[in-house]
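# Survey of secondary and tertiary structure
In case you want the letters, here they are:
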Amino acid sequence: MVEVTSKSKYMDLLNEYPLLKTDLVKRNHKFKFLVTPMGKISLWEANLEEVSQHAEMSVGETVSLFSELINSY
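Residues numbered from 1 in each chain as written. Predicted model: local features only at pLDDT ≥ 70, side-chain atom pairs only at ≥ 80, totals over all residues. Heavy atoms only, no water.

## Looking at the overall build of the protein
Just so we agree on the cut-off: Numbering of helices and strands starts at the N terminus; helices are DSSP runs of H or I of at least 4 residues and strands are runs of E of at least 2. Taken over C-alpha atoms, the radius of gyration is set against a globule rule of 2.2 Å times the number of residues to the power 0.38. Burial here depends on accessible area, computed with a 1.4 Å probe over protein chains only, as a share of the maximum for the residue type. Under 20% is buried, over 50% is exposed, and the range in between is partly exposed.
When its secondary structure is counted, the protein shows six helices and zero strands. The order of α-helices and β-strands along the protein, N terminus first, is α-α-α-α-α-α. Scaling as 2.2 N^0.38, a compact globule of 73 residues should have a C-alpha radius of gyration of about 11 Å, and the protein matches this with 11 Å. Summarising its shape, the C-alpha atoms of the protein cover approximately 30 × 20 × 20 Å along the three principal directions. Of all 73 residues assigned to the protein, the portion counted as buried reaches 40%.

## Quick word on the pattern of salt bridges
Formally: Throughout this description, the term salt bridge denotes a Lys or Arg side-chain nitrogen within 4 Å of a carboxyl oxygen of Asp or Glu.
Applying the stated criterion across every chain, the model contains four salt bridges. Notably, a salt bridge pairs Glu-49 with Lys-7, separated by 2.9 Å at the nearest N-O pair. You can see Glu-49 sitting in helix H5 (residues 48-54) and its partner Lys-7 sitting in the segment before helix H1 (10-16), a full 42 residues away along the chain. Under the relative-accessibility criterion, Glu-49 is labelled partly exposed at 31%.

## Re the environment of Glu-61
The condition is simple: The term polar contact refers here to a pair of N or O atoms within 3.5 Å; inside protein, the definition further demands a hydrogen-donor-capable atom paired with an acceptor-capable atom, and it admits residues adjacent in sequence only when both atoms are side-chain atoms.
Here Glu-61 shows up in helix H6 (residues 59-71). Using a relative accessible area of 45% as the deciding quantity, one classes Glu-61 as partly exposed. As for Glu-61 and Lys-9, which are separated by 52 residues in sequence, their C-alpha atoms are 16 Å apart. Within the structure, the side chain of Glu-61 is placed 2.9 Å from the backbone nitrogen of Ser-58, a separation counted as a polar contact.

## Structural notes on unusual backbone geometry
Positive phi is not limited to glycine here, since Glu-56 has a value of about 55°. Secondary-structure assignment places Glu-56 in the loop between H5 and H6.

## Brief notes about the confidence of the model for the protein
This is how it is decided: Confidence of the predictor at the level of single residues is given by pLDDT, which spans 0 to 100.
Predicted confidence across the protein gives a mean pLDDT of 91, with 99% of residues reaching 70 or more. Element-level mean pLDDT values for the protein span from 81 in helix H4 (residues 37-42) up to 97 in H6.

## Structural notes on H6
Heads up, the condition is: Working rule for helices: expected span equals 1.5 Å times residues minus one. The contact rule is simple, with two residues in contact once any of their heavy atoms fall within 4.5 Å.
Taking 1.5 Å of rise per residue, 13 residues should cover 18 Å, and H6 covers 18 Å from first to last C-alpha, within 8% of that figure. Three or more residues of H6 are buried, namely Thr-62, Val-63, Leu-65, Phe-66, Ser-67, Leu-69 and Ile-70. Packed against the buried residues of H6 are H1, helix H2 (20-27), helix H3 (31-34) and H5.

Following this line, the structure appears as structure tokens:
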């Protein structure tokens, strides 16, 4: 089990948990951009704090969403 924080790297989590790609989009359509090739390139080194800005969610909401999904796998 991985601890998810605002400093967790977005691409590390996607690589470790591939189902996140589809499950995030199901929960918030703003994540659709983040799983496109352009989104992956622009957010290659991004942490969840930066991702939350693109998804128009608070950092706490983003961390909670990632934690909830990861814990369900």
